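Structural description and commentary
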Amino acid sequence: MSAYRYQKHIKLKGFGEEAQNKLANAKILIIGAGGLGTPAAQYLNGMGVGTIGIMDQDLIEESNLARQTLYCPKDIGKAKTDTLISWLHQQNPDTRLINLKEYINPENALETIAGFDLIVDASDNFGTRYLVNDACIILDKPFIYGAIHDFEGQVSVLNYKDGPTYRCLFPESSQNQMIPNCDENGVLGVLPGLIGTYQALEAIKVITGIGEPLVGKLMIVDTLGQSHLKIGVPCNPENKAIDKLKADYGQAVCAVDLGYTELSPEGLLERLGKKDSFQLVDVRSKTEFEQDHLDQAINIPLQEIHERKEEFKSEKELILICQSGKRSQQAAMMLKEIFPNAPIFNVQGGMNAVRSTKVVVGGGK
């Protein structure tokens, strides 16, 4: 196809023909042809990436259609890779499309990943991400991490240059702390489309050298609050010393170690009863706070944390709470960057859990 297809890219200052040629010569592997993989594939293919591999073994189900919007009712029961590659071929006949109709595993990971320049991890479980991470370390390949949970998504660029690995972001643990996948917990259909598109953008930045990829940073997207938060992720050099794959990644789980401690609602109520020395901060909106809050709490909404950071008493333990525990997690990560030595706690389940626990434990309203 002529350069006319990509004229908007070529005319773009800071991109141009040189970057477009880099895309044309690039080989990108997308692991997962679901909610993240389909939008990532759509944009990478449309923008002119020369070779795209699609790796998955799933069949299309009716429950996929609300978020995997390149699939239609007539596709139910078909292989995802077959259907997606057929669609991509119609979108851009010039792309070399590689159909890898299998799941990635320790036996095929190294051989498969070795044939590509960059990996877009669009999988939906920790075991696969650890496997992809370890294979990319061994082969010195960058990969674009993306994940979704409830109304929140995450994106980062890992194993790139001197940046952190997936194990730096989520250290592996023997404890059962796995976040439920979307089949167990649900997901809003538009969210994976947004995160998959961000993954495509980060892949383009890495391949072409434009902009600042999310290296050493985790971007958290809160769709309910329409907020984007970026937190620093330090690199642990020990995590780059991997030289062989494990035999089994099926039971891998992660312990999120982002510098704060989870506090149970029972633990909070016990602390409140003892009147320990701490600061309880409710990071919900002013309206939510006025409707219902704990007497000991002060209100500093999530989006006002940076401008009101002098109100935090960092010499005390900081206990953060919101409605469900998600916004307070984001607040905890923000405050850890502002006050790296402060003891920070996040109340699990937020006000929802505290009010429920209070009825059971204290018998109050």
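Read on for a plain summary of the structure. (Residues numbered from 1 in each chain as written. Predicted model: local features only at pLDDT ≥ 70, side-chain atom pairs only at ≥ 80, totals over all residues. Heavy atoms only, no water.)

**Side note on helix H9 (residues 190-208)**
Which entries qualify depends on this criterion: Secondary structure elements are taken from DSSP: a helix is a run of H or I of four residues or more, a strand is a run of E of two residues or more, and numbering for both begins at the N terminus. Here, expected helix span is obtained from the residue count minus one, scaled by 1.5 Å.
Taking 1.5 Å per residue as the helical rise, H9 with its 19 residues ought to reach 27 Å, and the 27 Å between its terminal C-alpha atoms agrees with that figure. Just downstream of H9 lies Gly-209, where phi reads positive at about 85°.

**A look at the pattern of salt bridges**
What counts, and what does not: Any carboxyl oxygen of Asp or Glu that lies within 4 Å of a side-chain nitrogen of Lys or Arg is treated as forming a salt bridge with it. In this scheme, a residue with accessible area under 20% of its type's maximum is buried, one over 50% is exposed, and one in between is partly exposed, where area comes from a 1.4 Å probe on protein chains only.
Counting across every chain of the model gives 13 salt bridges. For the salt bridge of Lys-80 with Asp-58, the shortest nitrogen-to-oxygen distance reads 4.0 Å. Of this pair, Lys-80 sits in helix H4 (residues 80-91) while Asp-58 sits in the loop between strand E2 (51-55) and H4, and the two are 22 residues apart along the sequence. Using a relative accessible area of 5% as the deciding quantity, one classes Lys-80 as buried. Where Asp-75 meets Lys-78, a salt bridge forms, and the shortest distance between an N and an O atom there is 3.6 Å.

**A few points about the sheet that holds strand E12 (residues 278-282)**
The condition that has to hold: When DSSP finds at least two bridges between two strands, those strands are taken to pair.
Taking strand neighbours across the sheet as the criterion, the 5 strands line up as E11-E15-E14-E12-E13 in an open arrangement whose pairing is parallel. Two strands close off the open sheet at either side, each with one partner strand: strand E11 (261-263) and strand E13 (298-299). In terms of strand pairing, E12 meets strand E14 (residues 317-321) through 5 bridges, oriented parallel. When the sheet's bridge partners are listed, Leu-280 is paired in E14 with Ile-319.

**As for the sheet that holds strand E1 (residues 27-31)**
Put simply, the test is: Only C-alpha atoms enter the line fits that serve as axes; for helices the fit covers just the stretch in contact. Angles between N-to-C directions range over 0 to 180 degrees. Throughout, a contact is declared for two residues whenever any of their heavy atoms are within 4.5 Å.
Pairing is mixed in the open sheet, where 8 strands are placed in the order E3-E2-E1-E4-E5-E6-E8-E9. Pairing within the sheet leaves two strands with one partner each, and these edge strands are strand E3 (96-100) and strand E9 (227-232). Each strand axis lies, on average, 15° off the axis of its neighbour in the sheet, ignoring direction. Here 6 bridges tie strand E8 (residues 217-222) to E9, and the two strands are oriented antiparallel to one another. Looking across to E9, one finds that Asp-222 is bridged to Ser-227. Here helix H6 (residues 126-139) sits on the sheet in contact with E1, strand E4 (118-121) and strand E5 (143-149), set at roughly 170° to E5.

**Describing helix H12 (residues 326-338)**
Turn by turn, an α-helix covers 3.6 residues, leaving residues three or four places apart pointing in a common direction. The terminal C-alpha atoms of H12 lie 19 Å apart, and with 13 residues this matches the ideal 18 Å at 1.5 Å per residue to within 8%. Along H12, the residues classified as buried are Ser-328, Gln-329, Gln-330, Ala-331, Ala-332, Met-333, Met-334 and Leu-335. Summarising the contacts, the buried residues of H12 are in contact with strand E6 (152-158), E8, E9, E11, E14 and strand E15 (344-347).

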